[in-house]
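Read off the chains here:
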Amino acid sequence: AWVLNPWSVRAFNALYYRRYRAATAARPRRAVVGPEPFFYPLDAVRDWNRLYGPRGFTQYQCVLPEEAEGGPGAAAGRFLDLLSRSRAASFLCVIKDCGAQGEGVLSFPRPGISIAVDLQVRDGTRELVDALDRQVIAAGGRIYLAKDAFTRPEHFRAMEGERLADFARLRAKYDPEGRLGSAQSVRLFGR
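Just so you know, the residues in each chain are numbered from 1, in the order the chain's sequence is written. Selection of residues for local features in this predicted model requires a pLDDT of at least 70, selection of side-chain atom pairs for listing and counting requires 80 or more, and totals for whole chains, interfaces and linings are taken over all residues. The side-chain values count all of the structure's non-hydrogen atoms but skip hydrogen atoms and water molecules.

Our focus in this paragraph is the overall build of the chain. Every helix listed is a DSSP run of H or I at least four residues long, and every strand listed is a run of E at least two residues long, numbered separately from the N terminus. Within the chain, the regular secondary structure consists of 7 helices and 4 strands. Seen in sequence order, the chain has helices and strands lined up from the N terminus as α-α-β-α-β-β-α-β-α-α-α. Counting only C-alpha atoms, the chain reaches 60 × 35 × 35 Å along its principal axes. Contacts: residue pairs with any heavy atoms within 4.5 Å of one another. Long-range pairs, those at least 24 residues apart, make up 69% of the contacts in the chain with a sequence separation of at least 6. A total of about 12600 Å² of accessible surface is found on the chain, and carbon and sulfur atoms cover 56% of it. Positive charge is attributed to Lys and Arg, negative charge to Asp and Glu, and no charge count is given to His or to the chain ends. All charge positions are set by atom: Lys at NZ, Arg at CZ, Asp at CG, Glu at CD. Taken as two groups, the 29 positive and 21 negative side-chain charges of the chain have centres that lie 7 Å from each other. Accessible surface is estimated by sampling points in the Shrake-Rupley manner with a 1.4 Å probe; for residues, cover comes only from the protein chains shown.

Have a look at this one:
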């Protein structure tokens, strides 16, 4: 677990950035790349996930909507500032524009900025996720459930609001006896 620390991540990011800048400054590269190295670049490093130590990592992904105070860029700045102040070193941070909301009852996307970061699981991870959740709630955003392992039920309810009533109706219709579930659904909705 000692491999991942603010200094090693900062050094890795600086080297990676300089390598990219040097390669593109010399000549812009164009090439056909197969799907494996394009979509799964970390798989080129054997057992890369072990860098996170015995407790592993979790990924936190949220979307910060266009309606956020100061706009999604300002909300993203506050989010990244909190991560930086928390010394939550991450080798991976993906920032994307999000389009229209999907048709699913608890669909993740909405117009705004999506941020995904890998977080080493360590003492204080729950508190960090709580702080990130509070920022997402304040911005009017939401988290990506497929990657969630720590969000508290009250934070999830605050993010989803009225969409949860629609989900509860569908859940009651298709599983009236409450037999279907997962560790995540029990954590967020109870039994």
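This brings us to the pattern of salt bridges. For this analysis, a salt bridge means a side-chain nitrogen from Lys or Arg found within 4 Å of a carboxyl oxygen belonging to Asp or Glu. Counted by the stated rule, this structure contains 8 salt bridges. Note that arginine 163 and glutamate 160 form a salt bridge whose closest N and O atoms lie 2.6 Å from each other. The exposure class assigned to arginine 163 is buried, which follows from its relative accessible area of 11%. In this structure glutamate 160 comes out as buried when scored by relative accessible area, which is 6%. Only protein chains enter the accessibility calculation, which uses a 1.4 Å probe; a residue whose area is less than 20% of its type maximum is buried, one above 50% is exposed, and one in between is partly exposed.

With that settled, consider the environment of glutamate 69. Relative to the helices and strands, glutamate 69 resides in the loop between β1 (57-65) and α3 (72-85). Linking glutamate 69 and alanine 138, residues 69 residues apart in sequence, is a C-alpha distance of 8.6 Å. Filtering out sequence-adjacent residues up to four positions away, glutamate 69 remains in contact with Ala74, Ala75 and Arg78.

Take helix α5 (residues 153-160) next. Given 3.6 residues per helical turn, the α-helix brings residues three or four places apart onto the same face. Inspection of α5 places His155, Phe156, Met159 and Glu160 among the buried residues, and these make up the whole buried set. The buried residues of α5 occupy one face: seen down the axis, they fall within an arc of 125°. In this structure, the buried residues of α5 make contact with α4 (125-139), β4 (142-143), α6 (163-174) and α7 (183-189). Just downstream of α5 lies glycine 161, where phi reads positive at about 50°. Working definition: the arc comes from the directions between the helix axis and the C-beta atoms, pointing outward to the latter.

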